[in-house]
Amino acid sequence: MAQQTAHEAAHHEHHHEELGFWRKYVFSTDHKVIGIQYGITGLIFLFFGFTLMMLMRWQLAFPGQALPGIGGLFQKIFGDKMVLPDVNGHPGVMTSELYNSFGAMHGTIMVFLGIVPTAFAAFGNYVVPLQIGAPDMTFPKINMASYWSFFLGGVVMLASFFCPGGAAKSGWTSYSPLANITDQVPEFVAAHPVLGLIFNGQSMWILGMVFLITSSLLGSVNFITTIIQLRAPGMTWMRLPFFVWAQLVTSFLLLLAFPPLEAASIFQLMDRVAGTSFFLPSGLIVNGAQIHISGGGSPLLWQHLFWFLAHPEVYVLILPGIGIIGEVVANNTRKPLWGYKAMVFAIFVLGFLSFIVWAHHMYLTGMGAAVSAFFQTTTIMISVPSVILLTALILSLWGGSIRFTTPMCFATAFLPMFGIGGLTGIPLAFNALDLYLHDTYYVIAHFHYIVAPGTIFAIFAGVYHWFPKATGRMMNQFLGRLHFWASFLFINGIFLPMFLQGMLGMHRRWYDGGASYDISKAIVWGLSGFDWNKVISISAWGLGLAQLPFIFNFFSSIWYGKAVGRNPWDATTLEWLAPSPPPHGNFDHAPEVHRGPYEYSVPGAAQDFIPQSEPTSPTAPAAPALAH
Amino acid sequence: MNETHDPQHDAAHDPAHFNKHVRGYLVVGGALFACTALTVALSYVDFGSREANIIVAMIVATVKAGLVAAIFMHLLSERWTIYRFLLLTVFFVIGLFLLTLLAYHNPIRM
Amino acid sequence: MEIPYTLTARPDTGLYNAKIGIWLFLASEVMLFGGLFSGYVFMRLGSEPGYWPHGLLNVPVGTMNTFILIASSVTVVLAWASLKMRQFTQYKIFMAMTILCGAIFLIVKLTYEYPQKFQHFGVYIKKDALVKYEDYLGNNYLKAKNLSPRVEITGHLHNKEALTDPNVKEYEIALDEVNAEPTNPQSDRPHFWPKPVTEKIATIEKSDVQYASVFAPRHSSYFAIYFTITGLHGLHVLGGVLVFIYFMLPVSTRLYRQNPEHLANRVEVAGLFWHFVDLVWIFVFPLFYLL
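Residues numbered from 1 in each chain as written. Chains lettered and ligands numbered in written order. Predicted model: local features only at pLDDT ≥ 70, side-chain atom pairs only at ≥ 80, totals over all residues. Heavy atoms only, no water.

Examining the overall build of chain A
Logical step 1: Secondary structure summary: chain A contains 22 helices and four strands in total.
Logical step 2: For 628 residues, the compact-globule estimate of 2.2 N^0.38 gives 25 Å, and chain A sits close to it at 25 Å.
Logical step 3: Expressed as lengths along the three principal axes of its C-alpha atoms, the size of chain A is roughly 85 × 55 × 50 Å.
Logical step 4: The contacts of chain A with a sequence gap of at least 6 include a subset with a gap of at least 24, amounting to 77%.
Logical step 5: A total accessible area of about 23400 Å² is found for chain A, and carbon and sulfur atoms account for 71% of it.
Logical step 6: Side chains of chain A give 25 positive and 27 negative charges; the mean places of these two sets differ by 5 Å. (Helix = DSSP H or I, 4+ residues; strand = E, 2+ residues; numbered from the N terminus. Rg over C-alpha atoms; globule rule 2.2 N^0.38 Å. Contact = heavy atoms within 4.5 Å. Areas by Shrake-Rupley, 256 points an atom, 1.4 Å probe, with all protein chains shown as cover. Lys, Arg positive; Asp, Glu negative; His and termini not counted. Charge placed at Lys NZ, Arg CZ, Asp CG, Glu CD.)

Structure representation (structure tokens):
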């Protein structure tokens with residue numbers, strides 16, 4: 001055995017000598033390196049997007065007061081047009097323009113540069129080929145192009161902060177006509193007629209989106225082809241780990257839902273650069289004067305095309321998370337996933353229905369009763385597969401001998417958090433209730449419960465779970481616990497009060513947290529002498545601090561973590577068959593699959609897990625029911 | 001003339017088999033030319049209303065598109081995996097069109 | 001380990017990797033152009049009577065371009081069949097013809113069709129001033145024949161300074177025939193052969209004009225969507241041509257020597273893309289040029 005590994009190591013060393021540093025770690029075509037690149041870039045963007053929100057929370061909790069400590073630096077970075085001095089002359093009060101651009105970029109970065117690359121692309125790239133027993137993705141070069149296209153998109157988005165006029169300010173939804181007419185600084189456009197039209201926040205946002213859409217397209221083509229073509233011998237469809245199913249459905253959502261947004265982005269870019277009016281109606285009045293356009297467009301067209309993407313996008317955000325949780329739960333409860341087949345069908349129905357619910361984001365746009373009724377019905381229907389998934393995961397815990405490892409802590413917390421997020425969405429599905437709750441903090445709390453303590457907790461669970469595979473070392477358990485409990489408390493401190501604020505009518509885009517509205521002063525700020533805005537803000541900063549143990553743990557464990565073997569979690573799926581970390585080409589020899597993905601605690605078996613690659617021998621109890 | 005140097009020539013690449021295909025491709029090409037001429041000619045005939053004219057032109061275009069997809073893109077004899085992708089896509093494209101139209105035709109009446 | 005099924009089909013799916021890849025890509029392209037065309041439908045339905053122009057594009061040139069694209073579709077599939085029959089010289093001829101067709105298509109679009117549009121000029125007349133320009137619009141005549149009204153006067157702008165100089169109070173336009181003789185029954189429907197601009201010059205006061213522009217994207221919803229869709233389609237044609245040029249380079253000849261089936265697969269996959277580009281044009285042509 002030792003001889004074999006030595007031989008194997010020598011073999012791979014020889015293989016790697018052909019590649020220089022740049023080809024091996026930067027412009028790599030290896031799915032594992034690309035997965036790690038995606039993961040690290042995505043986590044950095046997640047933290048950056050969160051930092052924007054931590055700055056905004058200062059403005060919401062203490063409107064008009066200068067940022068303490070970093071106010072001067074803040075002004076240096078964003079310029080004195082965007083950051084003003086407070087009444088005492090201290091620099092560090094963000095303008096409403098900067099607040100808006102932070103809000104828009106927070107949403108964009110979290111969704112397109114944070115969660116999709118991490119939950120979908122990073123784990124998908126790293127884990128999917130390993131789990132199906134493939135040597136790599138089908139199109140390694142396209143895979144690399146996908147990462148670099150994503151990277152360029154991120155660079156363009158970040159660069160937009162430093163364009164004249166600042167980054168995009170029209171929300172992550174970029175609703176027209178607002179998004180068509182903002183962000184162009186007249187003096188700059190006059191000085192540079194062509195550059196002025198492109199180098200401004202919203203145009204850069206669109207260009208960045210085009211790169212990101214291209215990246216997702218290349219990625220999803222690769223995933224689907226890989227899953228269909230490169231499954232190891234014996235890996236039949238119903239033996240696929242649940243995570244692979246989740247990735248397959250997610251890939252289809254990205255593949256088919258993103259192009260309409262690309263079409264819409266092209267329309268909006270034409271509106272901004274070539275003077276068309278796809279989304280501008282005739283006779284539009286801006287700043288008291290009718291703007292000089294041909295007219296004839298419709299802002300509703302943007303909303304339709306945008307939400308045709310953005311609703312499936314919601315499921316793109318959550319499905320990989322559910323997949324990760326499925327893996328972690330099965331492994332740590334030491335029993336098969338409850339209702340694996342039902343979960344697979346549910347995830348398909350979910351993906352399918354997610355395409356025909358989009359207009360529930362648009363109840364306020366003046367759709368008639370027939371259309372509203374249609375979309376209400378489909379929206380309620382989509383809650384059925386979601387509930388099936390959640391129920392199956394909760395029932396999987398039943399009767400299990402649960403190991404509360406760090407990934408399992410996050411996975412256990414995921415279940416109620418996802419439940420709260422999902423159930424609070426049901427009132428929003430109804431037209432009549434939505435008219436009241438639309439654009440309030442209630443909506444913010446609802447979808448953040450799904451993506452923040454939902455998907456982001458799933459991402460953390462995945463990082464802790466697959467870290468030993470990627471590095472050959474464990475992450476520290478104590479620091480993991482610290483990270484988990486602090487994050488869990490603070491994240492609820494952020495989002496629970498938002499339900500209350502939203503039901504009291506607090507609007508999501510108030511720049512001063514409602515301080516300037518007499519009504520909101522009483523209900524949002526002074527209710528029982530308790531200031532929810534401050535509670536939320538302090539929780540947000542606490543959540544920021546709670547990530548420090550994770551960051552420290554992540555980097556220190558790469559070098560100083562406890563070294564482990566191939567299968568530290570006693571798991572069944574194929575990725576644990578490969579060496580940790582797996583070499584280029586992944587497996588020692590092409591794996592073969594002989595059984596389902598979750599054969600834990602099989603009665604009569606020698607161990608409490610049987611790997612998928614374990615052949616069914618005639619002496620082993622093949623049908624345990626008969627043995628008793 | 002190096003094409004005779006073919007190490008992998010086998011029965012699957014039987015020239016007669018492909019000659020038959022080539023004839024088929026030329027016939028389809030001819031049909032597409034004819035349909036294009038037809039569509040231009042028909043656009044100068046009034047079928048009663050603008051809607052009728054559009055429907056006639058779209059029928060011809062769909063026939064042409066069908067020919068290209070079925071023969072040139074080999075969809076007539078393709079695998080089910082690919083049919084599944086396309087059925088899904090067609091469903092969603094139709095959904096995109098229909099629901100957008102539905103929303104257009106059913107606004108709140110003041 | 002090598003990545004399996006790059007060349008041969010996987011037994012249970014019967015497909016090689018790139019074929020699945022390209023069809024998935026085409027599925028997403030269908031959604032992209034589906035989004036663009038649903039934009040077309042939305043804009044067209046939303047346009048008020050008279051605001052969706054007809055007969056502004058050059059039909060013979062469009063027809064010719066359609067023929068060229070169809071011909072290229074035939075040649076690319078023949079190139080693939082030649083490779084399958086291991087007739088490399090024949091393959092090169094067909095591939096060269098495909099590239100030529102694609103290039104002609106692009107050259108016609110970029111050097112003739114688009115620039116010709118940019119020279120043309122149109123003014124939309126305000127609703128309450130339509131009567132004043134009845135001599136150019138012929139709306140009474142159209143109403144009697146139950147045809148949709150005209151709200152735009154088109155032709156070549158005679159005094160170019162009117163575009164920039166606010167002191168110039170009117171546009172002088174050398175009229176198109178449809179505005180020069182609006183009650184001529186021959187102008188009821190667009191002509192196949194485009195008529196040249198007439199000698200007749202109309203003077204239109206700027207205060208009567210709702211919106212004036214050359215035939216650029218900003219001119220109207222119609223030209224906006226026309227330039228967007230044909231521009232994007234042109235980019236696809238360009239992409240296809242570049243890939244086909246790659247297939248003519250020595251690199252591909254070497255590939256053929258090593259493994260002819262690999263090159264045949266590549267040509268098949270690129271050909272599928274090319275047919276899709278052709279397929280889009282089949283819908284673009286009637287929707288913009290004819291209807």
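Read on for the rest.
With respect to the nonpolar core
Logical step 1: The biggest cluster of nonpolar side chains holds 288 residues, and the ones touching the most others in it are F102(A), F242(A) and F288(C).
Logical step 2: The element that contributes the greatest number of residues to this core is helix α5 (residues 96-132) of chain A, accounting for 21 residues.
Logical step 3: Those residues within four positions of F242(A) in sequence are excluded, and the remaining contacts are I322(A), G323(A), G326(A), E327(A), L337(A), Y340(A), M343(A), V344(A), I347(A), L389(A) and Y598(A).
Logical step 4: Formed by 23 residues, the second largest nonpolar core is a distinct cluster that contains Y51(C), F121(C), I125(C) and I204(C). (Core = buried A, V, L, I, M, F, W, Y, C linked by side-chain atoms within 4.5 Å. Buried < 20%, exposed > 50% of the residue type's maximum accessible area, 1.4 Å probe, protein only.)

A closer look at the interface of chain A and chain B
Logical step 1: Each partner contributes to the interface: chain A provides 20 residues, whereas chain B provides 15 residues.
Logical step 2: Interface area, chain A with chain B, both sides summed: about 1500 Å², of which 86% is carbon and sulfur.
Logical step 3: The largest contributions to the chain A side of the interface with chain B come from L256(A), F352(A) and V371(A), which together make up 28% of the buried area.
Logical step 4: At the surface where chain A touches chain B, the tally comes to zero residue pairs in polar contact (both at pLDDT 80 or more).
Logical step 5: At the level of elements, α10 (201-229), α11 (242-273), α12 (299-333) and α14 (369-397) of chain A are the ones that each hand at least two residues to the side of chain A that touches chain B.
Logical step 6: Counting residues per element, the side of chain A that touches chain B draws most heavily on α14(A), at five residues.
Logical step 7: For the side of chain A that touches chain B, the residue count by class is 17 nonpolar, three polar and no charged. (Buried area = accessible area lost by both parts, 1.4 Å probe. Polar contact = N/O pair within 3.5 Å; in protein donor to acceptor, adjacent residues only side chain to side chain. Nonpolar A, V, L, I, M, F, W, Y, C, P; charged D, E, K, R; others polar.)

A look at the pairing of strand β4 (residues 201-205) of chain C
All names here are of chain C.
Logical step 1: Only one face of β4 is buried: it carries A202 and I204, and the other face, with I201, T203 and E205, is open.
Logical step 2: By the bridge criterion, five bridges tie strand β3 (residues 170-175) to β4 in an arrangement that is antiparallel. Bridged to E172 within β4 is T203. (Pairing = 2+ DSSP bridges.)

Description of the sheet that holds β3(C)
All names here are of chain C.
Logical step 1: Spatially, β4-β3-β2-β1-β5 is the arrangement adopted by the five strands of the open sheet, whose pairing is antiparallel. The open sheet is flanked by β4 and β5 (209-214), the only strands paired with a single partner. Looking at each pair of strands side by side, their axes are set apart by 40 degrees on average, direction ignored. (Axes fitted to C-alpha atoms, helices over the stretch in contact; angles between N-to-C directions.)

Considerations on unusual backbone geometry
All names here are of chain A.
Logical step 1: The omega angle of the peptide bond from S176 to P177 is 0 degrees, so this bond is cis rather than trans.
Logical step 2: Assignment of secondary structure puts P177 in the loop between α6 (140-159) and α7 (178-181).
Logical step 3: The peptide bond linking S580 to P581 adopts the cis configuration, its omega dihedral lying at -10 degrees.
Logical step 4: If you trace the backbone, P581 turns up in the loop between α21 (532-560) and α22 (624-627).

A word on the domain arrangement of chain C
Residues and elements named next belong to chain C.
Logical step 1: Here the domain parsing of chain C yields domain 1 (17-115 + 220-290) and domain 2 (121-214).
Logical step 2: Between the C-alpha centres of domain 1 and domain 2 there is a distance of 36 Å.
Logical step 3: Interface area for domain 1 against domain 2, summed over the two sides, is near 960 Å², with a carbon-plus-sulfur share of 66%.
Logical step 4: Of all residues in domain 1, G50, Y51 and P60 give up the largest surface area on contact with domain 2, accounting jointly for 49% of the area buried on that side.
Logical step 5: Where domain 1 touches domain 2, the interface holds one salt bridge.
Logical step 6: For the salt bridge of K127 with E48, the shortest nitrogen-to-oxygen distance reads 3.2 Å. (Domains from an automatic or database assignment. Salt bridge = Lys/Arg side-chain N within 4 Å of Asp/Glu carboxyl O.)

Notes on the interface of chain C and chain B
Logical step 1: Taken together, the contact between chain C and chain B spans 62 residues of the former and 54 residues of the latter.
Logical step 2: Carbon and sulfur atoms make up 76% of the surface buried where chain C meets chain B, a total of about 5100 Å² over both sides.
Logical step 3: Where chain C meets chain B, there are one salt bridge.
Logical step 4: Viewed at the interface, chain B and chain C are joined by six residue pairs in polar contact (both at pLDDT 80 or more).
Logical step 5: No other element matches helix α1 (residues 17-46) of chain C, which puts 17 residues into the side of chain C that touches chain B.
Logical step 6: When the residues that make up the side of chain C that touches chain B are grouped by side-chain class, the tally is 37 nonpolar, 16 polar and nine charged.

Some remarks on the confidence of the model for chain C
Logical step 1: Per-residue confidence for chain C gives a mean pLDDT of 92, with 100% of residues at or over 70.
Logical step 2: Across the assembled chains, the prediction reports ipTM 0.94 with pTM 0.93. (pLDDT = per-residue confidence, 0-100.)

Some remarks on the pattern of salt bridges
Logical step 1: Following the criterion strictly, the structure yields 17 salt bridges over all chains and no others.
Logical step 2: Between R508(A) and D439(A) there is a salt bridge, and its shortest N-O distance comes to 3.3 Å. Taken together, the residues R508(A) in the loop between α19 (477-503) and α20 (518-525) and D439(A) in the loop between α17 (431-437) and α18 (441-471) connect sequence positions 69 residues apart.
Logical step 3: The shortest N-O distance in the salt bridge between E205(C) and K132(C) comes to 3.5 Å. Highlighted residues: E205(C) in strand β4 and K132(C) in the loop between β1 (121-125) and α4 (134-137), separated in sequence by 73 residues.
Logical step 4: One connected set of salt bridges, linked through shared partners, spans R231(A), R10(C) and D12(C).

Quick notes on empty space enclosed by the protein
Logical step 1: A full pass over the atoms with the stated rule returns three cavities of 30 Å³ or more.
Logical step 2: Its volume calculated, the largest cavity comes out at about 120 Å³.
Logical step 3: Y38(A), V116(A), A121(A), S215(A) and S216(A) are, among the 15 residues lining the largest cavity, the residues nearest its centre.
Logical step 4: For the lining of the largest cavity, the secondary structure elements donating two or more residues are α5, α6 and α10 of chain A.
Logical step 5: Ranked by residues supplied to the lining of the largest cavity, first place goes to α5(A) with six residues.
Logical step 6: When its volume is computed, the second largest cavity comes out at roughly 60 Å³.
Logical step 7: As for the second largest cavity, its lining consists of F72(B), H74(B), V76(C), V77(C), W80(C), V267(C), E268(C), G271(C), L272(C) and H275(C).
Logical step 8: Looking at the lining of the second largest cavity, the elements with two or more residues in it are α2 (59-84) and α9 (260-290) of chain C. (1 Å grid on protein atoms, 1.4 Å probe; cavity = no way out; pocket = protein on both sides within 12 Å on 5 of 7 lines; lining within 4 Å. Points joined across faces, edges and corners; volume = space filled by probe spheres on them.)

Focus on the environment of P416(A)
All names here are of chain A.
Logical step 1: In this structure, P416 sits in helix α15 (residues 406-423).
Logical step 2: A relative accessible area of 43% places P416 in the partly exposed class.
Logical step 3: In sequence terms P416 and P453 are 37 residues apart; their C-alpha atoms lie 9.4 Å from each other.

Overview of the packing of helix α3 (residues 88-119) of chain C against helix α7 (residues 221-248) of chain C
Two quantities define a packed helix pair, namely the angle between the helix axes and the distance between the axes.
All names here are of chain C.
Logical step 1: Here α3 crosses α7 at 155 degrees, and the two axes come no closer than 10 Å. Comparing their axes, α7 and α3 come out roughly antiparallel. Considering the relative orientation of α3 and α7, their crossing is left-handed.
Logical step 2: Class assignment of the residues belonging to the contact of α3 with α7 gives a composition of 19 nonpolar, six polar and four charged. (Parallel < 35°, antiparallel > 145°, perpendicular 65-115°, else oblique. Left-handed = near helix turned anticlockwise from the far one by under 90°.)

Topic: a nonpolar patch on the surface
Residue and element names in this part refer to chain A.
Logical step 1: Taken together, F47, L545, L548, I551, F555, W559 and Y560 make up a surface patch of nonpolar side chains, about 790 Å² in accessible area.
Logical step 2: Considering each element in turn, the nonpolar patch owes the most residues, six residues, to α21.
Logical step 3: Within the element layout of this structure, Y560 appears in helix α21.
Logical step 4: Given the relative accessible area of 70%, Y560 is considered exposed. (Patch = residues over 30% accessible without salt bridge, like charges linked within 9 Å, V, L, I, M, F, W, Y side chains within 5 Å.)

As for α15(A)
Since the α-helix advances by 3.6 residues per turn, residues separated by three or four positions end up pointing in the same direction.
Logical step 1: Taking 1.5 Å of rise per residue, the 18 residues of α15(A) would be expected to cover 26 Å, and the 26 Å separating its terminal C-alpha atoms lies within 8% of that figure.
Logical step 2: With 13 of 18 residues buried, α15(A) lies mostly within the body of the structure. (Expected span 1.5 Å × (residues − 1).)

Comments concerning the packing of aromatic side chains
Logical step 1: A full pass over the atoms with the stated rule returns 94 aromatic pairs over all chains.
Logical step 2: Relative to F457(A), the ring of F410(A) has its centre 5.2 Å away and its plane inclined at 90 degrees; by these criteria the two rings are edge-to-face. Placement of F410(A) in helix α15 and of F457(A) in helix α18 is noted, with a sequence separation of 47 residues between them. Take F410(A) and F457(A): they sit in the same class, and that class is buried.
Logical step 3: Summarising the aromatic geometry, the rings of Y222(C) and F288(C) are spaced 6.2 Å apart at their centres and angled 50 degrees between planes, so their arrangement reads as tilted. Note that Y222(C) is positioned in helix α7 and F288(C) in helix α9, a separation of 66 residues in sequence. Assigned by exposure class, Y222(C) and F288(C) land together as buried.
Logical step 4: The ring of W237(A) carries the charged tip of R231(A) above its face, separated from the ring centre by 4.0 Å.
Logical step 5: Sitting over the face of the ring of F88(C), R257(C) holds its NZ or CZ atom 5.6 Å from the ring centroid. (Phe/Tyr/Trp six-rings, centres within 6.5 Å; stacked < 30°, edge-to-face > 60°. Lys NZ or Arg CZ within 6 Å of the ring centre and 35° of its normal.)

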